[in-house]
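# A look at the structure
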Amino acid sequence: MTAEIRGIGAFIPEKVITNEDLCKTVDTTDEWIKSHTGIEKRHMIADEDATSDMATRAARVAMERAQVDAEELDMIIVSSVTGDYPGFPSTACLVQKNLGAEQAGAFDILAGCTGFIYGLSIAKNMILGGDFKHILVIGAESLTRITNWDDRNTCVLFGDGAGAAIVSANNHVDGRGILQSVLKAEGAGAEYLMRKAGGSRHPLNAETNIADNLLSMNGRRVYGFAVRVNTILINSLLKKHNLRIGDIKYIVPHQANERIIQAVSERMNIPMDKFYLNIREYANTSAASVPLALNEMVEKKLLNKGDLIMTLGFGAGLTYGGNLIRW
Ligand code: ACO
């Protein structure tokens, strides 16, 4: 038995914020943003929605494509740094209610932009353990709700959206499925990417500085980390299966900055067209970025049954991880 991705889906909010829009509020230019990140626009969650609403819509698309009904779901895993509530209840439980998935367990995971990668690996291992057949894995973020719109270093980088996958037991002997995962962390870099207030270390109170309740980042540190760990992930996924880069049809990296991927491509001598990128349209959607990319690739018919692909993630924690998948 293997654990395969049987269906994928996404939800992108309609509202768009262009680079030009941001030039009106902070000291930046379209040219700076494009040349330093590759980003042209980002989508913003509707005023009346929260993360679980986008997650539920993405899930419905994935379930339809996988032909798995709500009552067949055994577990729902949501990865998000922007859940509906701080801490509890979990966003996964809200999705479970929305879908009417009454037989499913539900929990959230917190692994920053690597969350969907962690989620796929957890789902794979739960299925291979034999107790679960269909698991819904979601990466969903409303980062614009925790963006500091006065900070040009970060406000240009992030966007909202949700992606979902149905991971199911595959009893065919076709070798399709999530073959290998590498999940790592570097907690020593925790302070480089954080939302400082609102937890047990700095509870919210009347003295809380508003900026401490929003996302803050040391961009240079995260950039260096990202280039280094992507190289480690690609090498280790290849090595475990004795593969060469030519055996991989696409590498689907977390979409944080096009320049990170360019640096990895140059260092490892991997052509840029091996990496699937859509950061121009959506910016960095954290845990949603890899499933959004996979969804787009499926809709563009870029993936055929049996193709080998890699998904890579890196982000807050700091965390990093990758999956080798036979589609
Ligand atoms: N417009 C104009 N100038 C800017 C802007 C902006 N939007 N943002 C920063 N600058 C300025 C800086 O102030 C700095 O000016 P200074 O030299 O006078 O101080 C100058 O540009 C260069 O700053 P750098 O930090 O060196 O810029 P860099 O080329 O490294 O790009 C960036 C910054 C895009 C943030 C980059 O470091 C990066 O992508 N880092 C990684 C981010 C990332 O991957 N995050 C992923 C995790 S997200 C998650 O887990 C939720």
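This section reports on the structure supplied with the text. Just so it is clear, the structure is predicted and the values come from calculations on it, not from any experiment.

Here the focus is the layout of surface pockets. In this model, the second largest pocket occupies a volume close to 210 Å³. Around the second largest pocket, the lining residues are E4, I5, R6, G7, I8, R65, R176, V298, K305 and W327. Among the elements that line the lining of the second largest pocket, the one with the most residues is strand β1 (residues 2-11), at five residues. Among the residues making up the lining of the second largest pocket, the classes are represented as four nonpolar, one polar and five charged.

With that settled, consider the nonpolar core. With 31 residues, the main nonpolar core has I5, L120, I135, V167 and L294 as its most contacted residues. Going through the elements one at a time, β1, β4 (75-79), α5 (115-128), β6 (134-142), β7 (160-170), β11 (250-253) and α10 (289-299) are the ones with two or more residues in this core. When residues in this core are grouped by element, the largest group, seven residues, is from α5. The residue makeup of this core includes at least three contributed by each of domain 1 (2-170) and domain 2 (177-326). In terms of nonpolar packing, the next biggest core, distinct from the first, is built from 28 residues, V182, L193, V227 and L237 among them.

Next up on the list: the environment of A256. Tracing the backbone shows A256 in the loop between β11 and α8 (258-268). Taking C-alpha positions, A256 is 15 Å from Y192, a pair spaced 64 residues apart along the chain. Setting aside its immediate chain neighbours within four residues, A256 contacts I279, N284 and F314.

The next point concerns helix α4 (residues 91-99). Those residues of α4 that fall on the buried side of the exposure criterion are T91, A92, L94, V95 and L99. The buried residues of α4 occupy an angular sector of 160° when projected down its axis, which confines them to one face. Next to the buried residues of α4 lie α3 (51-66), β4, β5 (105-109) and β6. Immediately beyond the C-terminal end of α4, within one or two residues, lies G100, with a positive phi of roughly 70°.

The rules behind each value
- Residues numbered from 1 in each chain as written.
- Predicted model: local features only at pLDDT ≥ 70, side-chain atom pairs only at ≥ 80, totals over all residues.
- Heavy atoms only, no water.
- 1 Å grid on protein atoms, 1.4 Å probe; cavity = no way out; pocket = protein on both sides within 12 Å on 5 of 7 lines; lining within 4 Å.
- Points joined across faces, edges and corners; volume = space filled by probe spheres on them.
- Helix = DSSP H or I, 4+ residues; strand = E, 2+ residues; numbered from the N terminus.
- Nonpolar A, V, L, I, M, F, W, Y, C, P; charged D, E, K, R; others polar.
- Core = buried A, V, L, I, M, F, W, Y, C linked by side-chain atoms within 4.5 Å.
- Buried < 20%, exposed > 50% of the residue type's maximum accessible area, 1.4 Å probe, protein only.
- Domains from an automatic or database assignment.
- Contact = heavy atoms within 4.5 Å.
- Arc of directions from axis to C-beta.

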